[in-house]
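# What the coordinates show
The primary structure of each chain is shown beneath.
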Amino acid sequence: MSTINLPKNCRQAFIPTIIGGLPLKNRFLRAATWDGLAGPDGEVTAAQLALYTELARGGSALLTSGYTSVSPGGRQLAGQNSLHRDDNLASFARLAAAVHRHDARLFVQLVHCGGQADPALTGQPAVAPSAVDHPLYSRLPAALSRREIAAIVAEFAAAARRARDAGADGIQLHAAHGYLISQFLSPALNRRRDEYGGSPANRRRFLREIYLACRAAVGPELPITVKINGRDYLEGGLELPETIETCRQLAALGAAAVEISGGTRVSRPRQPVMTGIDRPAREAYFFAETLAVVQGVEIPVIAVGGIRSPARVAALLAAGIDLVALCRPLIRE
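Report on the accompanying structure. Note that the structure is predicted; figures quoted are calculated from it, not measured.

## Re the overall build of the chain
Helix and strand counts for the chain stand at 10 helices and 13 strands. Taken over the C-alpha trace, the chain has a radius of gyration of 18 Å; the compact-globule value for 333 residues is 20 Å, and the two agree within 12%. Split into buried and exposed, the 333 residues of the chain put 57% on the buried side. A fraction of 69% describes how many contacts in the chain between residues 6 or more apart in sequence connect residues 24 or more apart. Entry remark: accessible area of the chain is about 13300 Å², with carbon and sulfur atoms responsible for 52%. Charged side chains of the chain number 37 positive and 29 negative; the gap between the two group centres comes to 3 Å.

## What about the pattern of salt bridges?
If you walk through the whole model with that rule in mind, you get 20 salt bridges. With a closest N to O distance of 3.6 Å, arginine 105 and aspartate 169 form a salt bridge. Remark: aspartate 169 occurs in the loop between helix H4 (146-165) and strand S9 (170-175) and arginine 105 occurs in strand S6 (residues 105-111); sequence separation between them is 64 residues. Residue class for aspartate 169 comes out buried when judged on its relative accessible area of 11%. A salt bridge links glutamate 245 to arginine 248; its shortest N-O distance comes to 3.3 Å. Highlighted residues: glutamate 245 and arginine 248, both in helix H7 (residues 240-253), separated by 3 residues, approximately one helical turn.

## Regarding helix H8 (residues 287-294)
For H8, the set of buried residues is Glu289, Thr290, Ala292, Val293 and Val294. Taken together, the buried residues of H8 touch H7, strand S11 (257-261) and strand S12 (301-303).

## A look at the packing of aromatic side chains
Applying the stated rule across the entire model yields 5 aromatic pairs. Aromatic side chains tyrosine 67 and tyrosine 179 sit 5.5 Å apart centroid to centroid with 45° between the ring planes, which places their arrangement in the tilted category. Of this pair, tyrosine 67 sits in the loop between strand S4 (62-64) and strand S5 (68-69) while tyrosine 179 sits in the loop between S9 and helix H5 (180-185); the two residues are 112 residues apart in sequence, bridging distant segments of the chain. Taken as a pair, tyrosine 67 and tyrosine 179 share a single burial class, namely buried.

## Description of the environment of alanine 284
Of note, alanine 284 is situated in the loop between S11 and H8. Judged by relative accessible area, which is 3%, alanine 284 ranks as buried. A sequence separation of 38 residues divides alanine 284 from threonine 246, and the C-alpha atoms of the two residues are 21 Å apart. Residues in contact with alanine 284, not counting those within four places in the same chain, are Gly305, Gly306, Ile307, Arg312 and Leu316.

## Quick look at the nonpolar core
If you look at the biggest cluster of nonpolar residues, it comprises 71 residues, and the most contacted ones within it are Phe156, Ile171, Leu173 and Phe206. Top contributing element to this core by residue count: H4, with 7 residues. Aside from chain neighbours lying at most four places away, what touches isoleucine 171 is Phe107, Val108, Leu110, Ala160, Ala163, Cys214, Leu222, Pro223, Ile224 and Thr225. Counting residues in hydrophobic clusters, the runner-up holds 14 residues, among them Ile19, Leu62, Ile302 and Ala325.

## Brief notes about the side chain of arginine 27
Inspection of the secondary structure assignment puts arginine 27 in the loop between strand S2 (22-24) and strand S3 (28-30). Within the buried set, arginine 27 has no salt-bridge partner at all; the shortest N-O distance to an opposite charge, 5.0 Å, is to aspartate 322. Within polar-contact distance, the side chain of arginine 27 engages the backbone oxygen of isoleucine 15 at 2.8 Å. Within the local environment of arginine 27, its side chain forms a polar contact with the backbone oxygen of aspartate 322, the two atoms lying 3.4 Å apart. The contact partners of arginine 27, leaving out residues within four places of it in the chain, are Gln12, Ala13, Ile15, Pro16, Thr17, Leu317, Asp322, Leu323 and Val324.

Calculation criteria
- Residues numbered from 1 in each chain as written.
- Predicted model: local features only at pLDDT ≥ 70, side-chain atom pairs only at ≥ 80, totals over all residues.
- Heavy atoms only, no water.
- Helix = DSSP H or I, 4+ residues; strand = E, 2+ residues; numbered from the N terminus.
- Rg over C-alpha atoms; globule rule 2.2 N^0.38 Å.
- Buried < 20%, exposed > 50% of the residue type's maximum accessible area, 1.4 Å probe, protein only.
- Contact = heavy atoms within 4.5 Å.
- Areas by Shrake-Rupley, 256 points an atom, 1.4 Å probe, with all protein chains shown as cover.
- Lys, Arg positive; Asp, Glu negative; His and termini not counted.
- Charge placed at Lys NZ, Arg CZ, Asp CG, Glu CD.
- Salt bridge = Lys/Arg side-chain N within 4 Å of Asp/Glu carboxyl O.
- Phe/Tyr/Trp six-rings, centres within 6.5 Å; stacked < 30°, edge-to-face > 60°.
- Core = buried A, V, L, I, M, F, W, Y, C linked by side-chain atoms within 4.5 Å.
- Polar contact = N/O pair within 3.5 Å; in protein donor to acceptor, adjacent residues only side chain to side chain.

Structure representation (structure tokens):
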């Protein structure tokens, strides 16, 4: 690893902080990243243990796992981790232990991919808030019933308990990028006419129920964070004012932090992963949304999105953003 000359105002990144009562040795997080290395049943493999060990050695205070499915029907890709059953708990315990040996913390990111899940992989139909024909979906998903919604809420809670029992230091709920929670939040994808659709309050209900169920499952101490879109960048999709209010409500519920991302795999002009990030001005491509959330909530806010350079990190922290999530720099440098 090469030595980097840090600007003076970037030294703030190495000041310890706290998320939800959990001490962190610096302000750097490893952003949740799918690595394609999970076993066939979603278990943590030896290759993942080696990867996370190397990441923990690198010095980041907190590593967030790749998106981990809470349901056998909620997986999108082969090589995606899953905590939908107790059999996988032991392999996640090995992962947590490997991270802890190098003075880092581990959060497990929990997801149900909803209409983006792959029936060819799961053997089950893809489901979503509504049966909407949308470019985000490769096939028309089935609309969830109230009973099925309650079952998925319970699956999130059970997966959160397994993450805690495996020794994870916290969990992150993936409510971004057009996955199931994001689908419920988005007026472009949620066309329901019951208590889970229509008004912003109704579209937030699914996320609220998941958060409360996970909190009940893991107890009062384990930090729970939420990754959420600032904007969907879809026609008729989620916009920033609703996101700010959702983050305020999450803070009131006790969320430890929010991470502000944006877009989906089919959105324009922003997508979750952008290319051509060749200078600081193009880094942190959700900066405007992240700063707006910082100004609207009183819990830590995490920036993510193509962050590469010490200068950009310094600017983010100077703007009042609390933590910085990185991916490629931790792998390539």
